[in-house]
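Now for the letters of each chain:
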Amino acid sequence: MPSSLLWAVDVYGRVYSLSTAGQQWEHCRDAHLEFKRVTAVQQCCWSIACDHNIYLYVHASEVPIRYQEETYENQRWNPVDGFSDRLLPSDRWQWSDITGLKHQPLGDFQLPSENWEWEADWYIDENFGGEPTEKGGWTYAIDFPATYTKDKKWNSCVRRRRWIRYRRYKAQDTWVKIPSEQTESLPDPFNDITCGGWEITEEPRGCLALWAVSLQGKVRTQFFIQSCRGSVWEEVPVPGEVVQISCGPGDLVWAVLWEGHLLVREGVGRDCLKGSSWVTVESPSPGVGVVHVAVGVNVVWAVTKDHKVWFRRGVNSHNPCGSGWIGMVGEMVMINVGLSDQVWAIGFEDRAVYFRQGVTASELSGKAWKVVSVPRDSERSHSSASASSLQSAGCFFGGEVRLQSQASMLSDADAETERAGGEVVPTPEIGDAPKPRIPKVTSDSFISELVSDREGQISRRDVPPAGPSIPEEDHPEKELEDRASPAQVLSPSQSGGVDPQWSNVDLEEAQTHLTSGPGGDAAETSSLSSVATYNLALEEPYGLDEPPKWAWVSGGGCLVECHTQLNWFNSSTSTALNSSMQAMSLSITPAQTAAWRKQIFEQLSERSKREMENFMHYEQAIEQSVWVKKGTMQWWRDWKPHKWVDVQFALEQFSGVEGNKDGILFIYYTFNDEKKYLHMFINEVTILVPVLNDSKHTFAIYTAERTKQRWPMRLAAATELEMHDWLALLSVSCCDSRGIQGPPSKQAIWSVTCKGDIFVSEPTKELEASPYPTPCAQMFWRQVGGHLRIIESNSLGVVWGIGYDHTAWVHTGGYGGGFFQGLASSTDNIYTQTDVKSVYIYENQRWNPVTGYTNRGLPTDRYMWSNASGLKECTKNNTKPPSPNWTWVSDWTIDYAVPGGTDREGWQYAADFPASYHGNKTLKDFVRRRRWARKCKLTTTGPWQEVPPIPLSDITILPCGPKSTVEQVSLWAISNKGDILCRLDTSQTPGSSWLHVGTDQPFKSISIGAVHQVWAIAKDGSAFYRGSVSAQNPAGDCWYHIPSPTGQKLKQVSVGRTSVYTVDENGNLWYRHGVTPSYPQGSSWEHISNNVRKVSVGPLDQVWVIADKVQGSHSLSCGTVCRRLGVLPMEPKGHSWDYGIGGGWDHITVRGNAMEAPRIVMPSLTDNQTATRPLQTSNQPEMNGNPVGC
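Residues numbered from 1 in each chain as written. Predicted model: local features only at pLDDT ≥ 70, side-chain atom pairs only at ≥ 80, totals over all residues. Heavy atoms only, no water.

- Identification of the chain as Tectonin beta-propeller repeat-containing protein 1 from Cyprinus carpio carpio is taken from an unreviewed UniProt entry.
- Recorded under Sequence similarities (unreviewed entry), the UniProt text for the chain is reproduced unchanged: "Belongs to the TECPR1 family." (UniProt positions renumbered as here; feature names shortened; annotations may be inferred.)

So, in structure tokens, the structure goes:
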């Protein structure tokens, strides 16, 4: 999990951030003002400063924030000039937007603020619908508006072309003031702000809602939809004066009224982002109003005026008001709900940040509060200072804390006071230090009124005689003024000419104890500033042993899972332990350590010799044992009628004299009252695969013969734990029998099943030998812990994977994980891995003349709630996660991101089931469907470490030859938004950052060849080649459009040493002809096969695919690993297919297998000895000259 930030503001208005991977508060030193409020998401943070303006802080990212500006140049044809900019009076503007209604000349485009910069100048878009246009980028039509084509026809009277220019957001990692854009005559600045809305129901991701409250109690909102610049502030009417508001990631928006009641916004959704109406909710405690509220996805927390904490039960997107309040333990001044409904708060007594432990999806209220006890970054630098050094720096352990900048001023003031008054005000002793007082930050809504009401009272107070000390709440500025004459106190103009920044505190809490001196008017000149202000120029307002006092916390951008181990709660303990260990280690000298080790070694040697003397005449023990494990299972019978049969399952494992291990599997069953058995040698097993089954815990056992038949031995255990025990045991036995131990080699072949399980196979030199290669069916595959969607590797051991949630993972060099334990898994390099995927079901309806579209279908129709094929009934209630290891993390929502598009309600229309669906209803559409999605989450372990922070959809690694000495390996990737990235990695450690490669459209597949040739597939199905990519220029220069095969849209590409293969959306495999070093784009496409799902081309141009509809002895199998036979330098296309493991496979990569096959010398016809020797053909793979599946 990537690190994220918790934001907080202390009582002096200073902003700090705490990383989930860190152990100290980092001061945001870029902030030159005091801040009152912060509200954060993972990408950025908003705040309100003491000037009541809104500021934005955007985190620096490896992928830039870019915005595409576009305008269209329109021309009309006339007989005299041809196409020109002389348009008819009724035509659109010469320069306009896509609709033609808005005038947009190139010179009118301006940067929205100084925080943006242009990337380059305007250029013409020469791409139209995935196909290149003629030079100039013109598209033609009969008239405005009409359907445009790239080809000029005889009746093309108008034409247009698109001009594009990108601007980039440059103000990252700094606070930027957001213009208020207020149009009222009287200013109404903001007092509170909150952000959320990125998970609004049925709204595509990319939306962000910003809600704010003004000093007059008005509510305003602004929405950011896939843009760094939001809409204008829009006022939302409220039935009262609001003082605080909170917006969750979803549909929840709650606000606090001045009188202590709560408002709930109803109707927030995809069609109405700001909601429709307010509903009033009473305070949880009668007579005690609410002062603070915080909402999440399905939770609402509140704090009342008596500092009690309350939890609202029954809250969700369908019932935003909830059903009732539950009182919680603890006294807090404010509370905040972050990601995953995790809760932070600030304590009332100590003003510390608290974290709510035990918050899970099943227990949203959590279990207990735990204080976040980590130091600030400034405290680390002082942690080893002594009392004398602190005092010499200007810090006195009395009732106040001073800094070095104040020490020089105080020394001068003391001298002047001593000369003027004849005595010095005594400095308080350490033991006389008063109890610290904690200032309260107010809402600033009535500061002016409070100051005006009490200014006279303060000035009329009787000045007391010299007191012993100043309370903690009165800060060093006040002590400075008390101990010096008014003439010696520097005014703002005298101290540098810059007005100091002020932060307001609660005037009720402030106490004025002024020290009398020769300057009797000191009380009048310093009363207001000493009571109500803190000077921001002070670097260290806290004592070195005093914890910080917090005023606000925001966890909206802090991702903490229930299993996450944070380092926020034991920093003091670990520091003390480290100090004690260091002190103990320093007390032992190196000479003492060496002598001690020598003595222990001599004693152990003497003891071993003494104990072995009596047994020297015995022979050496050699283990020749047989070990048997038995159990009860169910077996899917091989013959018809197929059914589950109760059997006895036994594994007999034995060790030979030479230490080699082998075993036999036995299945004892009863047929026609006769006891029979099946057996299978362990060294014949090629793979053990967990199988998804709704009612049983099933796994399959393959051998080479059963792989050819597509009919494995299927067994079902009673429990999931028992199944995992058997899988781990059998896997260890299979690896022992083949002599395979430890992590996968650098040449390993990786594959992933449709279920997300990861398998690896160790290739041999004979695997790609020609003309007699090792059959694919004989390859042995072992499982590796983890869960991924795709994997890519190379022969230097660089292995990357991408999960279903687009998270990138890198292989750590370990093995095992998951349900593997003991010898089947390494003890280190195993990490926790999570993955999130969506489960889809379809709601189907048919039209009838009476009621329109309803769920009453014809008797021959599919189920009204079904899977994608319509053959299986899948309702919201009976649909379960893929396996018991997955848990639901969301509710069912309508999915609008469906191929073909949808209408506003998510429906797709067609003439009948099944057919081609589209998003717009026509007169011929009699059926419709819409897709519902629900997210589920898996938590497992494996030899994978997360690579934050950019989510990826595809990745490729530079393939290297068998004798390659490359130190840095090029990686190219595509983000989940379609951006292309590249980086340089080493075989030991991944690189540090991604480099963004500019593109004009989003991409979905990418591959780099052995000589740095980069090919990519755009989301519209067009192919591109990146020019000038080399080791010296890893990002290349420009993109070249490659025409796709006629009538096809490509979806995946793989590049080897000299070969380029692609797969289109219809499952056709294509080979690129004419690829040479002088012309790397090639010349044409040649069709190789159909029914192909994925292709992987290795560093030696070996071709492997995942194929569908492969014929077995019982049925067709989908998702089968296949290898292309006959691939030679002079025949790169090969001639036939060899079928391997399957079905149920979804991805394979052979890009790490750079193991060259041994050269085979064909026998001569004149060689009598070899001519009479028969050829070994018993292990020949099944040759099929037809395309896959034909």
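1. Digging into the pattern of salt bridges
Here comes step 1: Taken as a whole and judged by the stated rule, the model has 25 salt bridges.
Here comes step 2: Between glutamate 70 and arginine 162 there is a salt bridge; the shortest N-O distance is 2.8 Å. Placement of the pair is glutamate 70 in strand 7 (residues 66-78) and arginine 162 in strand 15 (residues 158-169), with a sequence separation of 92 residues.
Here comes step 3: The class for glutamate 70 is partly exposed, based on a relative accessible area of 25%.
Here comes step 4: Its relative accessible area of 21% is what places arginine 162 among the partly exposed residues.
Here comes step 5: A single network of salt bridges, built from pairs that share partners, joins Arg66, Glu119 and Arg168. (Salt bridge = Lys/Arg side-chain N within 4 Å of Asp/Glu carboxyl O. Helix = DSSP H or I, 4+ residues; strand = E, 2+ residues; numbered from the N terminus. Buried < 20%, exposed > 50% of the residue type's maximum accessible area, 1.4 Å probe, protein only.)

2. Focus on the packing of aromatic side chains
Here comes step 1: Under the definition given, this model contains 38 aromatic pairs.
Here comes step 2: Judged by centre distance (4.6 Å) and plane angle (45°), the ring pair of tryptophan 25 and tryptophan 550 falls under tilted. Taken as a pair, tryptophan 25 in the loop between strand 2 (15-19) and strand 3 (26-27) and tryptophan 550 in strand 32 (residues 550-554) lie far apart in primary sequence, 525 residues in all. For the pair tryptophan 25 and tryptophan 550, one class covers both residues: buried. (Phe/Tyr/Trp six-rings, centres within 6.5 Å; stacked < 30°, edge-to-face > 60°.)

3. Some details on helix 10 (residues 720-738)
Here comes step 1: Helix length check: helix 10 (19 residues) gives 27 Å between terminal C-alpha atoms against 27 Å at 1.5 Å per residue, within 8%.
Here comes step 2: Among the 19 residues in helix 10, 14 count as buried, and that is most of the element.
Here comes step 3: Positioned one or two residues after helix 10, glycine 739 has a phi angle of 70°, which is positive. (Expected span 1.5 Å × (residues − 1).)

4. Observations concerning the sheet that holds strand 31 (residues 368-371)
Here comes step 1: The 7 strands lie next to each other as 25-26-27-28-29-30-31, forming an open sheet whose pairing is antiparallel. With partners counted over all chains shown, the strands left at the sheet margins are strand 25 (290-295) and strand 31, one partner each. Taking each pair of neighbouring strands and ignoring which way they run, the sheet shows an average axis angle of 40°.
Here comes step 2: Here strand 30 (residues 353-357) runs beside strand 31; their pairing, made up of 4 bridges, is antiparallel. Within strand 31, the residue paired with phenylalanine 355 across the bridge is lysine 370. (Pairing = 2+ DSSP bridges. Axes fitted to C-alpha atoms, helices over the stretch in contact; angles between N-to-C directions.)

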